[in-house]
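Residue strings, one per chain:
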Amino acid sequence: MSKNLVIVESPAKAKTIKKYLGDNFDVKSSYGHIRDLSKKKLGVDIEKNYAPDYIIDDDKKKVIKELKDAVKKADIIWLASDEDREGEAIAWHLAEVLKLSENNAKRIVFNEITKTAIQKAVENPRWIDYNLVNAQQARRILDRLVGFELSELLWKKVKGATSAGRVQSVAVKLVVDRENEIKNFKSTSSYKITAEFDFTSDDGKKGQLKAEIASKIDTKKEAIAILEDFKKSLFDVSDIKVKATKKTPAAPFTTSTLQQEASRKFGFSVSRTMMLAQKLYENGKITYMRTDSTNLSGDAIEKCKNFIISNYGENYLKIRQFKTKTKGAQEAHEAIRPTEMKPKGSTDASEQKLYELILNRTLASQMEDAVFDKTTITINASESEKDLTASAEVLKFDGFLRIYNYFDIDGENEDKQVIPALKKGQKLDLQKALATQKHTNPSARYNEASLVRKLEELGIGRPSTYAPIISTIIKRSYVIKGNIEGTPIKATEIILKSGKISEKEKEDIKGKEKNKFIPTDVGSIVTGFLADHFTNILDYNFTATVEKDFDSIAEGKADWTKIIDKFYKTFHSNIKETLETAEKVTGERHLGVDKESGKNIYVKLAKYGPVVQIGDTESEEKPQFASLRKDQSIETLTLEEAIKLLKEDKNGRLLGKHPESGRPIYARIAKFGPLVQMGTYEDKEKPQFANLLKRQNIDTVTLEDALKLFSLPKELGEFEDKKVSVAIGRFGPYVRHNNKFVSLKKTDHPLEVTLERAIELIEEKREADAKKLLKEFSDDLKIIKDRWGRPCIFYKKKYFKLPKDAEYEKMTEKDCMKIVEG
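Keep in mind it's a predicted model, so treat the numbers as computed, not measured. (Residues numbered from 1 in each chain as written. Predicted model: local features only at pLDDT ≥ 70, side-chain atom pairs only at ≥ 80, totals over all residues. Heavy atoms only, no water.)

(A) Structural detail: the nonpolar core. Formed by 144 residues in total, the largest nonpolar core has its most connected members in Phe110 and Leu150. In terms of residue count, helix H5 (residues 130–157) provides more of this core than any other element does, 11 residues in total. Ignoring sequence-local partners within four residues, the contact set of Leu150 consists of Ala164, Leu530, Phe534, Ile537, Phe571 and Ile575. The next biggest cluster of nonpolar side chains, apart from the first, holds 28 residues, and it includes Leu209, Ala211, Ile226 and Phe230. (Core = buried A, V, L, I, M, F, W, Y, C linked by side-chain atoms within 4.5 Å. Buried < 20%, exposed > 50% of the residue type's maximum accessible area, 1.4 Å probe, protein only. Helix = DSSP H or I, 4+ residues; strand = E, 2+ residues; numbered from the N terminus. Contact = heavy atoms within 4.5 Å.)

(B) The arrangement of the packing of H5 against helix H16 (residues 560–581) in detail. H16 packs onto H5 with a crossing angle of 0° between their chain directions and a minimal axis gap of 10 Å. As the angle between them shows, H5 and H16 are arranged roughly parallel. Residue-level inspection shows Asn134, Gln137, Ala138, Ile141, Leu142, Leu145, Val146, Glu149, Leu150, Leu153, Lys156 and Lys157 of H5 in contact with H16, the latter providing Trp560, Ile564, Phe567, Tyr568, Phe571, His572, Ile575, Thr578 and Leu579. Considering only residue class, the contact of H5 with H16 consists of 14 nonpolar, four polar and three charged. (Axes fitted to C-alpha atoms, helices over the stretch in contact; angles between N-to-C directions. Parallel < 35°, antiparallel > 145°, perpendicular 65-115°, else oblique. Nonpolar A, V, L, I, M, F, W, Y, C, P; charged D, E, K, R; others polar.)

(C) Seen up close, the sheet that holds strand E27 (residues 714–719). The strand order across the open sheet built from four strands is E27-E28-E29-E30, with neighbouring strands paired in antiparallel fashion. Here the strands that pair on one side only, and so sit at the sheet edges, are E27 and strand E30 (740–743). Mean inter-strand twist for the sheet, computed between neighbouring axes without regard to direction, equals 30°. Bridge count for strand E29 (residues 732–737) against E30 is four bridges, and the pairing is antiparallel. If you follow His737 over to E30, its bridge partner there is Lys740. (Pairing = 2+ DSSP bridges.)

(D) Geometry of the packing of aromatic side chains. This structure, assessed with the given rule, holds 16 aromatic pairs. With a centroid separation of 6.0 Å and 45° between ring planes, the pair formed by Phe534 and Phe571 is classed as tilted. Separated by 37 residues along the polypeptide, Phe534 in the loop between helix H14 (521–533) and helix H15 (540–554) and Phe571 in helix H16 bring together distant segments of the chain. There is no split in this pair, since Phe534 and Phe571 are both buried. Between the aromatic rings of Tyr734 and Phe741, the centroid separation amounts to 5.3 Å while the plane-to-plane angle is 70°, which identifies the pairing as edge-to-face. Exposure remark for Phe741: the relative accessible area of 47% places this residue in the partly exposed category. One cation-aromatic arrangement involves Lys247 over Phe372; the distance from NZ or CZ to the ring centre is 4.4 Å. (Phe/Tyr/Trp six-rings, centres within 6.5 Å; stacked < 30°, edge-to-face > 60°. Lys NZ or Arg CZ within 6 Å of the ring centre and 35° of its normal.)

Structure representation (structure tokens):
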């Protein structure tokens, strides 16, 4: 019998820790939190000083029973959940449910799963830090209060709203504000002038040089005038400056900087980065991956020192200790780093890529600066007031760049100009000069990494919350990740060559972006409603202040119930007032009657945006809708404007006509969302409809897009003598084969999927199902692996756990049904 019981929150972590402890230690997993606030009601007793009502989920009752049995057999229980606030809360919940105290239990923490770290933790135990627990409780309870009451309000006031949260609403506002900024952006143009020169040096060697005018040229007229001056000019080198410059390595990774760099270098999503980092941590390869500290321990710096001297030499070593800039960061914690400075971290390719990134960033932080000679040449044009400059950097000592290059993305690997050996007075022959028109662009839309960076910059959220914030706003369909095709724009290019000036027009694509956050109509509408009625909720500084309050609780400087009370009383009063006074955004406003048809006309918010409706919903004849223009609003629209909208296009925005049938095709908002419509209700043939994809919008969808949508469902061919087709259903795009359905991956587009890709997806699904399947009695009854790899019964799309002592290999259909029915 083991005298020591160690409880952690994940099976993988338990497995790794077990390797470093002797036979006298039994290691069990709680599989995350064992209890949470009640989901059936508010879960907080406001009258009793915000006392939480914690409930044990049904799927955790078996885990708790196993843990209680193990506790009875142990002399000492070691609570070894993660060292952050969430981990401290897990330890506290375990202590509460398992009835543990300082008499029979100890709390240990470590930021890396290594033998040394675990032994040190066991030698230096403590008890539960209630300040950290209270900080986690305060966040959880406040978010429940806000989410519960705000969501209930939105369901009553805003059609199409799913729910809302304190921090998530701010994240959506960032996306909405950026989209509005882009829509309102007024582009301006200017000209950039570049030139190419040939020269012959004193020793007869020929060379080339590229240069440019540093300042932008505002007008075409001014640009032409400069080229006219160049046409008459003689050119020579008027000045040469050489300056030594340095580049310094960045700090080791925090959670947010790791997420940003993995996105920039590998295209990893925030959630994928955290999943891979979690595995590396649980396997003992890196330190804890939820941290806002850039600090490295003395032991880690010593390991870096030994590795750098051994592999690169002492001249590459420069010991640094970084101080964290993020407010509220805990310097007692460490940055994300390898536990050992070894090249191999995992046999999994993606895990290894992330591990190498962490390793190289950590080592680079303790290496010498990279040293460059920066040469700047000034070129004089005899007949122009404008000088040209040519510059380049020559790497003299690579330092940290030996292993970590920050500049290898987005064209940074392109060949750079090498400045030839020149001297003052050197004559240059102009070969060509270009004045190229450039248009200004608005700020780019956010991607996952840049949104995390902005949240961190504003002091909103903490390392453990970034990934959940992103996943929540996507799940609630307030934002989508999509590609922006951009719009063609004409740009003028003025060329001076062989003494002649000519012009040509070229076409650039303005505003093209890939995999960026775009607010949905519902996201924009909900944000507008909250901005009108809940200024504090969407105020960036206010949200950051709440985060600081949580930090104060964690430091023992504030009472968590008082912090919640200060916020909640004002918030709840605001909720009550809004319920009573705010106009129902979902309610119809009757504008009047159309004189021609005698039908009522309304303006209202449909699920995906504001519309004008002609005809009553209850009438036998279906009502028709027309979307409001972007410059119109529900509150100010008049009857005359509504009639004009309906007359302009009572079926929606006209996209064009079907090339074969000639039937008109429209984009419009219907009762259940945006769609394209072919034909009208007045036609003998009924209209046809096709829902828009999530990434599409009624304002930007084209005739070509609509025709492709009408091509679905589309037959792709045959596989195993059965038809294969692709379509869009209630839960998204899918492939259908032999009456079975396979969801498309996020990277697959239903209009672009080929038969070969469909077969790949079908076979991948079969392989995944086969790996899960342990025993099959019928289509309805099987024994499969659950998400943790444990055997369970799968009966009519429901899961049933097996008893602890059950041997699934020997189980019969009758045994399974007894568990299902019992």
